[in-house]
Every structure is written in C-alpha cells, then in structure tokens.
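Reading the structure
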Amino acid sequence: MADVDPQGKTLWLQLTLSVSKQQLTQLKPPLALYLNAKASSSSYLNGYHLGNNGLPGNQPNEIAGNMDARFYVPLDLLLVGDNQLVVKMSAQQSLFTLPNPVHFIGIDHYNAPQHHLQRYSSWMLVILGILLTATLYFAIRSLQSMQRGQHLLLALMSLFAALQLFSEIGRALFSYSYPLHDVRLLVIVTFSFGFGLCLLTLITQRFVRTHAVHWIYAGAVATLLTVLLIPGFDNKTTAATFCPMLLSVILAAGHGYHRRSLTAVATTVTLSLFLLIIVLTADYFHETLYFVLITLLLSVLFMQQAKDYNALLSNQQLDKERIAKLTLRLEQNQQHNRPAILKIASAGKVDIINTAQINFCQAAGDYSEINLTDGRQHLYSGTLKNLESELPSTFLRVHRSYLVNLEQVTRLQTSTNKSSGSAASLLLQNGQQLSVSRRLIPAVRQAVTTEIN
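Each chain has its residues counted from 1, following the order in which its sequence is written. Under the rules for a predicted model, residues below a pLDDT of 70 receive no local features and side-chain atom pairs below 80 are neither given nor counted, while totals for whole chains, interfaces and linings still include all residues. Working from all heavy atoms in the structure, the side-chain values ignore hydrogens and water.

1. Considering the sheet that holds strand β14 (residues 402–405)
Two strands qualify as a pair provided DSSP detects at least 2 bridges between them. Helix and strand definitions here come from DSSP, where helices need a minimum of 4 consecutive H or I residues and strands a minimum of 2 consecutive E residues; each element is numbered from the N-terminal end. In spatial order, the strands read β12-β11-β10-β14-β13; together these 5 strands make up an open sheet with antiparallel pairing. Sheet topology places β12 (377–380) and β13 (395–399) at the edges, where each strand pairs with a single neighbour. For this sheet the average axis-to-axis angle between neighbouring strands, irrespective of direction, equals 20°. As paired elements, strand β10 (residues 358–364) and strand β11 (residues 367–372) share 6 bridges and run antiparallel to each other. To define axes, lines are fitted to C-alpha atoms, for helices over the stretch in contact only, and angles between the resulting N-to-C directions are given on a 0 to 180 degree scale.

As structure tokens, this is what we get:
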C-alpha cells in the first residue's frame, strides 16, 4: 500500500482478493473489512456497497472519516477465487503529508477497527501507570528536597514520557477522525522533544560547570533543526530524543574524563547503551521497547540522584558536627577567659560560684543541688530547668535529675541487657557516675564525642 496516497486528492482503488476454499471455510463469521488509513472512504465488495467512512470527495464536499474504519462483510458476498474490492478514498483535510497514509486493508473476523494495528499488551498500561506514579513522586520530592530543580526535571521527564506513551496507544483506545491523526503525531514529537530537552538540562546541571545554559540552548536549537529537516514522523520522534541524548553523552563523558567522576562515567555508559539500542531498533523503536527503556533510564537517573543526595546529606551532617565542635570550643575558651558566674542567694547572703567549678547539678524537688569539683554543695532555690537557663551551653541535661558540666566528663558507658534494654552512664573526673536517660543517649553521645575530640 506504499504507493497509494489519497492525500489532497480523490482516487479509486481497485483490489483483487483471492480466496481459496480452505481460506473461506477457516474464516469465522461475522466478517469485517478493515481499512486503516488517513482518509475518508467508501467501500464496495463484488459490487455490493459495504458502507462509508465519512464521505470521500473533493475539498468542499468531503466529510472527514475515522482514521480506522471497519465494515461488516456478509459471508455470502465472498466467493471462492477472485473478489473485487473497490474503495473510493480522499484526504482533503490533512495538516501534513505523510509518506505512508494507508496502513492496512484486509478482511478478517469482526473485531475492533484498530484490531490489526497498535497491538500493545497490558504492559503498556502498566508502564503508563509506573510513569505517572514516578511523575507524582518526583513532583512531591521537588517540594521537599534540597535538590528541588533536579527532582522537578525528573518529574517533567516522567510526565512527558507518560504523555507520549498515552498518545502512542491512544489510537488503540479511541476512534478519531483522520485530521486529528496529524495532530496526534505532532503531539508525540513534542513530548519526545520535551523529554530530550529535560534530560539535556538535567545532565548539564549535574556535569557542566561553566556556560551550562549555552549548552542547553545549543542542544535545543540543533534538535529543532534536525526534527524540522528530517522526513517522517517516526524519524522526527526518534531525533527529538536522540539529539539531546547524544549531546548529554558528550557532556557526561567530558566531565568523567576531566574530573575522574564515576557518576559521570556511569551516566555516559547508560546513555550510550540507550543510543545504541535506538540505532539497532530504529524500525520498531516506538513500541513497547522504547518505553521500557525510558522507565529503566529514569530508574538509573533516580538512583544516581539518590546517591548524590545521600552524599550531600552526609557532608552536611559532617559540617554540622564540625560547627558544633567549633562552637563548643569557642564557648569553652570564652568561659576560661571570662568565666561565667552564678549568684546564689541564701540565708541573707549571696554566694558567687565560678561555673567552671561546677561538677554537676541534681534535682531536689523544688530546689537543685549544685555539686562542685572540690566536693562542696550549694542549694539553688529553683528547679533544674531554671538553673539550666542560667548556665552556659557547656552544661547538658542528661537526665530528668541531672545537669552535667561536659568539661568534667571523661567517658560515656553504655550497656544492653534483655530486661531493661539499653542503658548509659557518664563517668566524671572525680569518679562519680551519673545515669543517662535512654531517650537522650544519642544527643549525649554526640555532645560527649564532640567534647572529648
């Protein structure tokens, strides 16, 4: 059917269908003539009018038919031997001229008009669900994560892939007039271009240090020119993904070579394999295989993103620990250079205590006992919480009953037993041991580690 072209004209197509007696007995009624073509049509079998799909004719008179049509064929119309099929066709309302507007003409068991095309499996709908779920996931992560821009790009890539897949299988799901077929093809190319551009932007943000925007602009312009110049919508759709991905491979490879980045090397290998598969499967690339590969590619990019995110969190945690250590050191130096004092009023007198001489404080009802390094004790007329607010940050609440001067701590001891679970205690310089609340063990461990180091 490659030489049959009703676009911009009206033509009569005469075909001879040879049917053997064996073939006739194997056909299971009811039967249908399938005509999958970008055209309005009127069909006749052995002189019998089977029906119209729209109304073929000249420009003013044509009524657009569906892209996929089906006509009921009475079994007694088919003869053993040659059967004459005549089809009047026209496509006066095309937006674009396609190289192969007629896809299939034949007689078979009565089924959906798209029965001989778009034979996608349920896996296509499963993949569509996965891509839509990925879109929602990455969109939520973009609102929560520090890497907001990269997660937003992954969300857009998932969305474009899902919309392209839905547009691809839409012909099997819905009947539509043939002029909309041009719109559908244009939409598919657009979504493919959107996916490719988002991929290029993601790779550029991750691996290009200078003039990143220029690379994105250059890739977008080169891709658009290629899509406009290359013939055939399947080729255009492939180019819309291929060109940005090829540039992404070049950028990732350059970064991996100069920076010795394993992530860049892994990205280069992944995208290169994808490009190789595009070349080897060009004839049927836009079927199930393409979207399976897209889903796998998004999974790889997400795993790399998660790895980078975990590394970022780890570095931030290290930075927080370093800042905590520096802050504590500064407070300790300040306390030694200008020692903080605590005034305690009792029995008509005021005792002034250097906070550096305090070993620990212990709750005693509405009062607090202050234990000094020389063994003396003072009674503070306030709760441990009130006392904590007056002492410098070198004092840490380790238990509901204890407030400890970290400078006096020599060791944190932990133990685990089946009956009580985890337990911990602090060993002070004077040999005393103080219990640590279970819920406070992580915070105490970090503070003590910072102090000792």
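Still more to cover.
2. Focus: the environment of Leu 293
Structurally, the position occupied by Leu 293 is in helix α8 (residues 288–337). Accessible area is worked out with a 1.4 Å probe on protein chains only. A residue is then buried under 20% of its type maximum, exposed over 50%, and partly exposed in between. Residue Leu 293 is classed as buried on the basis of its relative accessible area, which comes to 12%. Taking the C-alpha atoms as reference points, Leu 293 and Ile 277, 16 residues apart in sequence, are found 9.1 Å from one another.

3. A few points about the nonpolar core
With 35 residues, the main nonpolar core has Leu 131, Met 157, Leu 165, Phe 274 and Ile 294 as its most contacted residues. Listing elements by their share of this core, those giving two or more residues are α2 (122–144), α3 (148–173), α4 (179–207), α6 (233–259), α7 (262–280) and α8. The element contributing the most residues to this core is α3, with 8 residues. Whether two residues touch is decided by their heavy atoms; if any such pair falls within 4.5 Å, the residues are in contact. Filtering out sequence-adjacent residues up to four positions away, Leu 131 remains in contact with Ser 158, Ala 161, Ala 162, Leu 165, Ile 294, Thr 295 and Leu 298. To define a nonpolar core, start from buried Ala, Val, Leu, Ile, Met, Phe, Trp, Tyr and Cys residues and group those joined through side-chain atoms within 4.5 Å.

4. Notes on the packing of aromatic side chains
Ring geometry is summarised as follows: Phe, Tyr and Trp rings, the Trp one being its six-membered ring, pair when their centres sit within 6.5 Å, and such pairs are stacked at plane angles under 30 degrees, edge-to-face over 60 and tilted between the two. Counting across every chain of the model gives 8 aromatic pairs. Both rings, one in Phe 360 and one in Tyr 402, keep their centres 6.1 Å apart while their planes meet at 65°; by these two values the pair is edge-to-face. Note that Phe 360 is positioned in strand β10 and Tyr 402 in strand β14, a separation of 42 residues in sequence. The same class applies to Phe 360 and to Tyr 402, which are both buried.

5. Regarding the sheet that holds strand β6 (residues 81–90)
In spatial order, the strands read β1-β6-β3-β4; together these 4 strands make up an open sheet with antiparallel pairing. Edge positions in the sheet fall to β1 (10–19) and β4 (48–53), since each of these pairs with one other strand and no more. The mean angle between the axes of side-by-side strands here comes to 20°, regardless of whether they run parallel or antiparallel. Inspection of the sheet shows β1 paired to β6 by 10 bridges, in the antiparallel sense. Residue pairing in the sheet places Trp 12 in a bridge with Lys 88 of β6.

6. Digging into the pattern of salt bridges
By convention in these notes, a salt bridge is any Lys or Arg side-chain nitrogen within 4 Å of a carboxyl oxygen on Asp or Glu. In total, this model carries 4 salt bridges according to the counting rule given. Here Arg 376 ties to Asp 374 by a salt bridge, and the two come within 2.8 Å at their closest N and O atoms. Salt-bridge contacts for Glu 388 lead to Arg 397; the nearest nitrogen and oxygen are separated by 3.5 Å. Assessed through its relative accessible area of 30%, Glu 388 is described here as partly exposed.

7. Topic: the side chain of Thr 237
Locating Thr 237 in the fold gives a position in helix α6. For Thr 237, a relative accessible area of 4% gives the class buried. In terms of polar contacts, Thr 237 uses its side chain to reach the backbone carbonyl oxygen of Phe 233, at 2.8 Å. Each polar contact in these results corresponds to two N or O atoms within 3.5 Å; when the atoms are within protein, one needs to be able to donate a hydrogen and the other to accept it, and residues that are neighboring in sequence are counted only if both atoms are side-chain atoms.

8. Observations concerning α6
In this scheme, a helix's expected span is set at 1.5 Å multiplied by one less than its residue total. For α6, with 27 residues, the first-to-last C-alpha span of 39 Å sits near the 39 Å given by 1.5 Å per residue. In this scheme, the bend at a residue equals the angle between the axes fitted to the seven residues that finish there and the seven that begin there. At Ala 239, α6 shows its maximal bend, which comes to roughly 25°. Looking at the residues trailing α6, positive phi occurs at Arg 260, about 55°.

9. Some words on α7
Under the 1.5 Å per step criterion, the end-to-end length of α7 is 27 Å for 19 residues, consistent within 8% with the ideal 27 Å. For α7, every residue scored as buried is listed here: Thr 263, Ala 264, Thr 267, Thr 268, Leu 271, Phe 274, Leu 275 and Ile 278. Buried residues of α7, viewed axially, fall in a sector of 135°; they line one side. In this structure, α7 carries Leu 262 and Leu 280 as exposed residues pointing more than 90 degrees from its buried face. It is the directions from the helix axis to the C-beta atoms that the arc portrays.

10. Description of unusual backbone geometry
In the segment running from Pro 29 into Pro 30, the intervening peptide bond is cis, with an omega of 0°. Notably, His 211 is not glycine yet its phi reads approximately 55°, a positive angle. Using a relative accessible area of 54% as the deciding quantity, one classes His 211 as exposed. Of note, the phi angle at Arg 260 is positive, near 55°, even though the residue is not glycine.

11. Comments concerning the packing of α4 against α6
Direction vectors running N to C along α4 and α6 enclose 5°, while the axes themselves pass 8 Å from each other. Accordingly, the angle class assigned to the pair α4 and α6 is roughly parallel. In this classification, Asp, Glu, Lys and Arg are treated as charged, Ala, Val, Leu, Ile, Met, Phe, Trp, Tyr, Cys and Pro as nonpolar, and every other residue, Gly included, as polar. Considered class by class, the residues forming the contact of α4 with α6 number 18 nonpolar, 7 polar and 1 charged. Just so you know how the angles are binned, under 35 degrees is roughly parallel, over 145 roughly antiparallel, 65 to 115 roughly perpendicular, and the rest oblique.

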